[in-house]
Amino acid sequence: MKGYKNTKPFGDFCVLVGALVIPKDTGEIFCFYFQTKGRVMSILLYLDSANLDEIRGAAKDETIGGITTNPTLMRKSGISNYEEFARKALEIIPNKPVSFEVFSDDFDAMKREARIIASWGENAFVKIPVSTTGGELTFPLIQELSSEGLQLNITAVFTLDQVRGVSRVLSKTTPAIISIFSGRLADSGQDPEVIFQKSVDICRDQKNVKLLWASTREIFNIVQAERSGADIITVTADLLGKRELWGKDPDEFCRETVQMFYNDALATGYKIG
């Protein structure tokens, strides 16, 4: 086991105060500990992006521990060649986990795609949806691929039954991630922290399995994810930019907000009466 402690600054918003790096053969994934405006956070940040410029930035940012992407993000970014994009991303960031998703909807095709993605790089994780579009759970496929040694990121997980099923079939040694779509659960009126905390209990003895808080909506979700026991949280580049607001004085924020309203009203020439 390797570890180090330091107080290396990363801009005004964040200081890396330590890191634990666990060799891959133990089945565990490294974790960073960082301090944000006086608060030490023990959760790993992953950039959620299909933008190569954003990925280049993440490669230089030691507070970012990995990358996730998906076909929807790639479509929005105008990616036309999946493999070409993926190989460029892995070339840019060869030393952090990067997750790429299969896009077929039947087990045989998903299995073939998963093996191809895994061959692109040692740091490639294969995203397998927990269900097909028809609602068929992918547990048998997950079990087969995980037992082969493929590093998997099980995505679109919403229920505790899905967490239980995935945890039962994952290899006990191969690194894996379970991505719980906490933001979408919150959109549906459910408390994602309650579900996440129960998921942590389910997976507590599986040291090779990391739980990821997905579909992040706001920067405070990082606090919620950490206190719920999440190992990882995905954050978009826009949200990462808001880290500089962490710990901002509320009175200052108030004055800036009122000033914004005032300036915009003047700019539009609005009048009352």
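Scroll up for the structure.
Residues numbered from 1 in each chain as written. Predicted model: local features only at pLDDT ≥ 70, side-chain atom pairs only at ≥ 80, totals over all residues. Heavy atoms only, no water.

K.L.:
A description of the overall build of the protein should follow, citing residues and the corresponding values.
P.N.:
Counting its regular elements, the protein contains 11 helices and 12 strands. Nonlocal contacts in the protein, meaning residues at least 24 apart in sequence, comprise 59% of its contacts between residues at least 6 apart. (Helix = DSSP H or I, 4+ residues; strand = E, 2+ residues; numbered from the N terminus. Contact = heavy atoms within 4.5 Å.)

K.L.:
Describe in detail helix H1 (residues 52–60), supporting the description with residues and values.
P.N.:
Taken together, the buried positions of H1 are Leu52, Ile55 and Ala58. End-on view of H1: buried residues confined to an arc of 110 degrees, all on one side of the axis. H1 presents Asp53 and Lys60 as exposed residues on the side facing more than 90 degrees away from its buried surface. Of the surrounding elements, those touching the buried residues of H1 are strand E5 (44–48), strand E6 (64–68) and helix H3 (82–92). (Buried < 20%, exposed > 50% of the residue type's maximum accessible area, 1.4 Å probe, protein only. Arc of directions from axis to C-beta.)

K.L.:
Before we move on, could you go through the layout of surface pockets and cite the residues and values that matter?
P.N.:
Here the largest pocket is characterised by a volume of approximately 670 Å³. As for the largest pocket, its lining consists of 33 residues, of which Asn70, Thr72, Glu101, Phe181 and Arg184 are closest to the centre. Only helix H2 (71–76), strand E8 (124–129), strand E9 (152–157) and strand E12 (232–235) provide two or more residues apiece to the lining of the largest pocket. Of all the elements, H2 adds the most residues to the lining of the largest pocket, at 4 residues. (1 Å grid on protein atoms, 1.4 Å probe; cavity = no way out; pocket = protein on both sides within 12 Å on 5 of 7 lines; lining within 4 Å. Points joined across faces, edges and corners; volume = space filled by probe spheres on them.)

K.L.:
Can you explain unusual backbone geometry? Please cite residues and give values.
P.N.:
Of note in the backbone geometry, Ala156 takes a positive phi value of approximately 60 degrees without being a glycine. With respect to the secondary-structure elements, Ala156 resides in strand E9. Look at Ala156 and you get partly exposed, because its relative accessible area is 29%. The backbone of Ser215 sits at a positive phi, close to 55 degrees, despite the residue not being glycine. For Ser215, a relative accessible area of 13% translates into the label buried.

K.L.:
How would you explain the packing of aromatic side chains if you had to name every residue and give the values?
P.N.:
Scanning the entire structure with this criterion turns up 6 aromatic pairs. An angle of 35 degrees between the planes, with centres 5.8 Å apart, marks the rings of Tyr82 and Phe103 as tilted. Taken together, the residues span a long stretch of sequence, with Tyr82 in helix H3 and Phe103 in the loop between strand E7 (98–101) and helix H4 (107–118) at a distance of 21 residues. For the pair Phe158 and Phe181, a centre-to-centre distance of 5.7 Å together with 35 degrees between the ring planes defines the contact as tilted. Of this pair, Phe158 sits in the loop between E9 and helix H6 (160–169) while Phe181 sits in the loop between strand E10 (176–180) and helix H7 (182–187), and the two are 23 residues apart along the sequence. Here Phe158 falls in the partly exposed class, since its relative accessible area comes to 29%. Overall, Phe181 belongs to the buried group, its relative accessible area being 16%. In this structure an aromatic cluster arises from ring pairing among Tyr82, Phe85, Phe100, Phe103 and Trp120. (Phe/Tyr/Trp six-rings, centres within 6.5 Å; stacked < 30°, edge-to-face > 60°.)

K.L.:
A description of the nonpolar core should follow, citing residues and the corresponding values.
P.N.:
Nonpolar side chains tend to gather and get buried jointly when the protein is soluble and globular. If you look at the biggest cluster of nonpolar residues, it comprises 61 residues, and the most contacted ones within it are Phe100, Ile128, Ile142 and Ile178. If you tally residues by element for this core, the top one is H3, at 5 residues. Those residues in contact with Phe100 that sit more than four places away from it in its chain are Thr69, Tyr82, Phe85, Ala86, Ala89, Leu90, Ile117, Trp120, Phe125, Val126 and Lys127. Counting residues in each nonpolar core, the second largest holds 8 residues, with Leu44, Phe125, Phe181 and Ala214 among its members. (Core = buried A, V, L, I, M, F, W, Y, C linked by side-chain atoms within 4.5 Å.)

K.L.:
Describe the environment of Leu211, listing the residues and the values that go with them.
P.N.:
The residue Leu211 is located in strand E11 (residues 209–213) in this model. Residues Leu211 and Ala176, spaced 35 residues apart in sequence, show a C-alpha to C-alpha distance of 8.8 Å.

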